[in-house]
Structures are given as structure tokens and as C-alpha cells.
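Examination of the molecular architecture
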Amino acid sequence: MKYSNYDIFNHWKDKKIKDMYILIDFNEPSCWGCGKPINENFFSEDVVLTWEKTKGKLERCHIIPKALGGKDELDNLFLLCKKCHKLSPDTTDKNAFLIWVYNKRRSSLMGYDFKGTIDSFKLALESFDIKEEDFIKYYNEFEKTINMNELFTDQVNVHLGELQLSSMTYLVASKLNDFIKSKKILPV
Ligand SMILES: [Zn+2]
């Protein structure tokens, strides 16, 4: 394919579907469908490099599939994670694709799964045998000792553009468990 991920980004960067900009943050690439960040350590001030390095993480897909006459033109190319690529409509109707993107994005922005996050975190705490009273007693103090952004950037891997909830909840539960243990050995 003659166009790079940067070329595709550059083509779409100021375009909208209805009232929604397709791209949210130029320097932190995410899937243009579900909006999940491609969270790796390659972000730089250089926007060309940043987008070139999404190669393999964001897939170049044809809005109108090649098999149905879609061309290798920038207006027919789009960047999605593997999962969204699979789920996206493959038709000759460009608008069907764009409206699918619009709804996908709206639902992932507006319907962020807080309940799922809480359930996953509860399960992780249980798995580490962290008691509720210890959680209440130590969590605030623990949170001050840890930089969550750094933790997730340095210690969480993203598979094919998808950040697994369990990566975050189990990592935090494990760190909290260590913290509580250290406090119990050395009481203040
Ligand atoms: Zn996606």
C-alpha cells in the first residue's frame, strides 16, 4: 500500500462525522472506532513518527472493500484496531461505514464501563485476599505513593490496540497488596 499511517492520519485529522472529530489527540494515537489508546512508549513530539509507529497496532482498512471496488485512496482508508476492523461494515456504502464509526465512538465515550471496572477491581481485590477493612484503611495512603499514569504506561502491555481492564485492576490490586503487607510488617 502506497500510503502510510501518517498519510491517512494527515488526511482525516481535521475531518468530522456529523458533529464529531474523527481524531481526538494527535500525539496519542487511539483506534478511530472504539477510541482505545495505542498505549506504548513511543509517543514523541514528532507527529509523523508517532503515527508511523502505529503501524501494526492500528490496521489500515478500506472503507469500501477492495473486493467491492474500493480504491487505495486516502479517502477510502481508515485506521482501526484489529477488533474494530473485524466488526466494521464491509459494504459499497461509505456512509454506512462512517455512521458505524460515529455510533461506535459515541457509545464507547458515553457508555464507559464504570460498573465493569468496579466489578473487575472487586474481583482482583478478592483474588489477592484483600479485606474490605484493609482497603478502606490503606487505599488513600497507597494512592499517594503511586503514580497511576506511570504505572500503566510502564507496566501494562496493550494487545492489538486493546487495553484489558484486568491488566489495570489486577496490577493495582497486586501493588496495594504489597503496600498493605509492608504496612502490617512495619506498623506506623
Ligand atoms: Zn477499536
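The rules behind each value
- Residues numbered from 1 in each chain as written.
- Predicted model: local features only at pLDDT ≥ 70, side-chain atom pairs only at ≥ 80, totals over all residues.
- Helix = DSSP H or I, 4+ residues; strand = E, 2+ residues; numbered from the N terminus.
- Buried ≥ 20, exposed ≤ 12 C-beta atoms within 10 Å, placed from the backbone.
- Contact = placed C-beta atoms within 7 Å.
- Axes fitted to C-alpha atoms, helices over the stretch in contact; angles between N-to-C directions.
- Parallel < 35°, antiparallel > 145°, perpendicular 65-115°, else oblique.
- Nonpolar A, V, L, I, M, F, W, Y, C, P; charged D, E, K, R; others polar.
- Pairing = 2+ DSSP bridges.
- Core = buried A, V, L, I, M, F, W, Y, C linked by C-beta atoms within 7 Å.
- Expected span 1.5 Å × (residues − 1).
- Bend = angle between axes of the 7 residues up to and from the residue.
- Arc of directions from axis to C-beta.
- pLDDT = per-residue confidence, 0-100.

Moving on, we come to the overall build of the protein chain. A count of helical and extended segments in the protein chain gives 8 helices and 4 strands. Secondary structure elements in the protein chain, listed N-terminal to C-terminal, are α-β-β-α-β-β-α-α-α-α-α-α. Counting every position in the protein chain, which comprises 188 residues, the buried fraction comes to 20%. Long-range contacts, defined as pairs at least 24 residues apart, comprise 65% of the intrachain contacts of the protein chain with a sequence gap of at least 6.

For the rest of this paragraph, the subject is unusual backbone geometry. A positive phi angle, close to 50°, is found at lysine 18, a residue other than glycine. Considering the arrangement of structural elements, one finds lysine 18 in the loop between strand S1 (16–17) and strand S2 (20–21). With a phi angle near 65°, aspartate 129 is a residue other than glycine that sits in the positive phi range. Here aspartate 129 is to be found in the loop between helix H5 (114–127) and helix H6 (132–144). The exposure class of aspartate 129 is exposed, given the 9 C-beta atoms found within 10 Å.

Contact geometry of H6 with helix H8 (residues 165–185) gives a least axis separation of 10 Å together with a crossing angle of 100°. The angle between the axes of H6 and H8 places the two elements in the roughly perpendicular class. Judged by residue contacts, Asp134, Tyr138, Tyr139 and Phe142 of H6 engage Leu176, Phe179, Ile180 and Lys183 from H8. Among the residues forming the contact of H6 with H8, the class breakdown is 6 nonpolar, no polar and 2 charged.

By the alternation rule, side chains of strand S4 (residues 77–80) split into Leu77 and Leu79 and Phe78 and Leu80, which are all buried. Sheet topology note: the strand S3 (residues 59–62)/S4 ladder contains 4 bridges and is antiparallel. Bridging across to S4, histidine 62 finds its partner in leucine 77.

So, about the nonpolar core. Within soluble globular proteins, side chains that are nonpolar generally end up buried alongside one another. Grouped together as the largest cluster of nonpolar side chains are 17 residues, with contacts concentrated most on Cys31, Trp32, Leu58, Phe78, Leu79, Leu80 and Cys81. Looking at this core element by element, the count peaks at 4 residues for S4. Among all residues touching tryptophan 32, those that are not within four sequence positions of it are Ile22, Phe78, Leu79, Leu80 and Val101. Counting residues in each nonpolar core, the second largest holds 6 residues, with Ala124, Leu125, Leu176 and Ile180 among its members.

Here we come to H6. For H6, with 13 residues, the first-to-last C-alpha span of 19 Å sits near the 18 Å given by 1.5 Å per residue. At tyrosine 138, H6 is bent by approximately 50°, the largest bend along its length.

Spanning 21 residues, H8 covers 31 Å between terminal C-alpha atoms, matching the ideal 30 Å at 1.5 Å per step. Listing the buried residues of H8 in full gives Thr169, Val172, Ala173, Leu176 and Ile180. Buried residues of H8, seen end-on, are gathered within an arc of 100° and therefore sit on one face of the element. Exposed side of H8, more than 90 degrees from the buried face: Asp178, Lys181, Ser182 and Ile185 are the residues found there.

It is worth spelling out the confidence of the model for the protein chain at this point. Here the protein chain averages 85 in pLDDT, while 88% of its residues score no lower than 70. Here helix H7 (residues 148–155) stands out as the least confident element of the protein chain, with mean pLDDT 77; S4 is the most confident, with 96.

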